[in-house]
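Structure assessment
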Amino acid sequence: MNTNPPIHPSIHPIIHPSTHPSARRRGTALIVVMWSLFALVAMALAFGHGQAVAYRETDARIAAAQARMAIDGAAAYLETALATPEAPGRLPARGAVEVEDVPVGDARFWILGRADTGLASDRPVFGLVDEASRINLNTATRTMLEALPGMTPELAAAVLEWRTPGLAADATAYLFRDPPYLAKGAPFESVEELMLVEGFDLELLFGADRNRNGAVDSWESGMPPPALADLLTVVSYERNAQADGSARVNLNAQAPMLVAALAEPLGEARAQAVVQALRADPAPLESVLEAFHRGGFTADEFTRVEDLLTVSDEPLVRGRVNVHTASGIALAVLPGLDTDLASRLVAARSADGPPTLAWAAEVLGPEASRRAGPHLTARSFQVSADIVATGREGRGYQRRRIIFDTATGTPRRIYHQDLTALGWALGERPGSVQGSGFRVQGAARGQESGVRSQGFRGGGRLAAGLHRFPHRISAGSPPRSPLSVTADRAWNEPAGWKRSHGSTSLHPGTGLAPSSRPAGTARYGPPRSTFDIGHSAVLRFPRREPAFLLTSYIVNRQFLVLIRP
């Protein structure tokens, strides 16, 4: 029998298991374990994400290295082609050199050219560019400069002031710039140097062709063609010697010396008659082309003696324009020529004809030949190659412009310019591919806005972040469907963008300013450039648009978007 008296609840309250100290300790341990597991999972996900980014970065570096090696291979290939010309001073014939979509292992290269008309086309053309087909910025007269499209007397005077030592010393406008500098007072070293000259800007120099590919792409707008930069050069010159390196004979030399030089190709009697006709006018000859008419040469005779003759004793002759390759716009700038004569020259020339001025002399007549003769040539010794290359799977976009000089016989590279930052230069890839196959992930550091997914055709997942800094888009492969990103709030919204709900189309291109496009649209920039996303944005990628347009995640760690296959 239990003899213990009953315990009153008020004296000894019931102890529930949930409030027992050991139970509380077990609950705390469970929470700690759960948080630890959450932290470990988060760390694992962050590590995996970091490894994926590192893999993409390595893959992009490999593709870019392949593209650079393809450019080096293309340059070596061109050097070989230029080392064995059909005739001295003659460029490789069209089709003799591969210039479009040429495979080099896993990489490919293209050589951007220019249209024969001198005008920007609606799509890129491919081929080498003859530097002698352009007006030399260092030798052009004031009249020639003023005849260029878009030029004014004030701009021409500024060019002369910049390149002439005496005039440059009097230029004070540059001292008021920020930062101040002096006029150069020396020859131009590149056409882009015009950007330092008073009155010149991107619009005047490149017009609508902001990526400088010779074509006005759909995302470009501005001054209509031709682009002034495509009509100018600073490296056109040739040696004042015969093709074999021997000295030429000056047409203004003593008559006996000239007769002796012409006797071998023409015969003694004919040489005497030609020299007598040349000396009938006491005025000195200003060009070999002028001698064609004054000496009464036939076309065949002139072709035989043209390389033998000169009117200068200088070792180099600079700034002559090749009548075989120059556009009608460039030819019309020369003294004595106009649009009509330039058009007749372009219509009469033959791409397969011999490098001679005889046919041009017949087209021009005596007076135009006399005035334009000092500025015309039939040979070219400098050629530029605007080489675009991609690595494997169309990634790693690279672009480099190289000028080759063949005046000494052996081609050598005299100018390099990296144009990769100008963005995609091979034109649009029209159309779009249906279906899924990619997803988008995003992460941002710093203050973020709310973002919601609208999805996209073909399925997939979307997670993106916006923050107050300019955004950069990154990709590892071409997306196959349009991607929509809608932000509840946006910072740095450019003027002219829609604030209402809707879509803002970001087209592949090179410009960053949306003001030249209709409200609600913008252009997305090249690699390593930025653009701001407005209230709502839609990224539309044309079919086969290469992913190397979108490779800036390596540069900008503030905002990251990866497009994965």
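Since the structure is predicted, the reported quantities are computational estimates derived from the model, not experimental observations. (Residues numbered from 1 in each chain as written. Predicted model: local features only at pLDDT ≥ 70, side-chain atom pairs only at ≥ 80, totals over all residues. Heavy atoms only, no water.)

1. A closer look at the pattern of salt bridges
The condition is simple: A side-chain nitrogen of Lys or Arg and a carboxyl oxygen of Asp or Glu constitute a salt bridge if their distance falls within 4 Å. Runs of E in the DSSP output that reach at least two residues are strands. Runs of H or I that reach at least four are helices, and both are numbered from the N terminus. Three labels apply to residues, based on accessible area from a 1.4 Å probe with only protein chains included: buried if under 20% of the type maximum, exposed if over 50%, partly exposed otherwise in between.
Taken as a whole and judged by the stated rule, the model has 24 salt bridges. Between Glu-57 and Arg-61 there is a salt bridge, and its shortest N-O distance comes to 2.9 Å. Of this pair, Glu-57 and Arg-61 are both found in helix H1 (residues 21–83), four residues apart, which corresponds to roughly one turn of the helix. Residue Glu-57 is classed as buried on the basis of its relative accessible area, which comes to 17%. Residue Arg-108 is joined to Asp-101 by a salt bridge in which the shortest nitrogen-to-oxygen separation is 2.5 Å. By relative accessible area, Arg-108 is classed as partly exposed at 32%. A single network of salt bridges, built from pairs that share partners, joins Asp-59, Arg-392, Glu-393 and Arg-395.

2. What to know about the packing of aromatic side chains
Here is the rule we go by: Aromatic rings from Phe, Tyr and Trp, with only the six-membered ring used for Trp, were paired whenever their centres fell within 6.5 Å, and each pair was classed as stacked if the ring planes differed by under 30 degrees, edge-to-face if by over 60, and tilted otherwise.
Enumeration over the complete set of coordinates arrives at seven aromatic pairs. With a centroid separation of 5.9 Å and an interplanar angle of 70 degrees, the aromatic rings of Phe-297 and Phe-302 are classed as edge-to-face. In this pair, the class of Phe-297 matches that of Phe-302, namely buried. Each ring, one from Tyr-397 and one from Trp-424, has its centre 5.8 Å from the other, and the planes form 55 degrees; the classification is tilted.

3. So, the side chain of Thr-233
Counting through the fold element by element, Thr-233 comes out in strand S5 (residues 232–233). When its relative accessible area of 1% is taken as the criterion, Thr-233 is described as buried.

4. Here we look at the confidence of the model for the protein chain
The condition is simple: Residue-level confidence of the predictor, termed pLDDT, takes values from 0 up to 100. We call two residues in contact whenever any of their non-hydrogen atoms come within 4.5 Å of each other.
Overall, the prediction assigns the protein chain a mean pLDDT of 74, with 71% of residues at 70 or greater. Note on residues 430–565: pLDDT is under 50 here. Beyond four places in sequence and across chains, it has 318 contacts.

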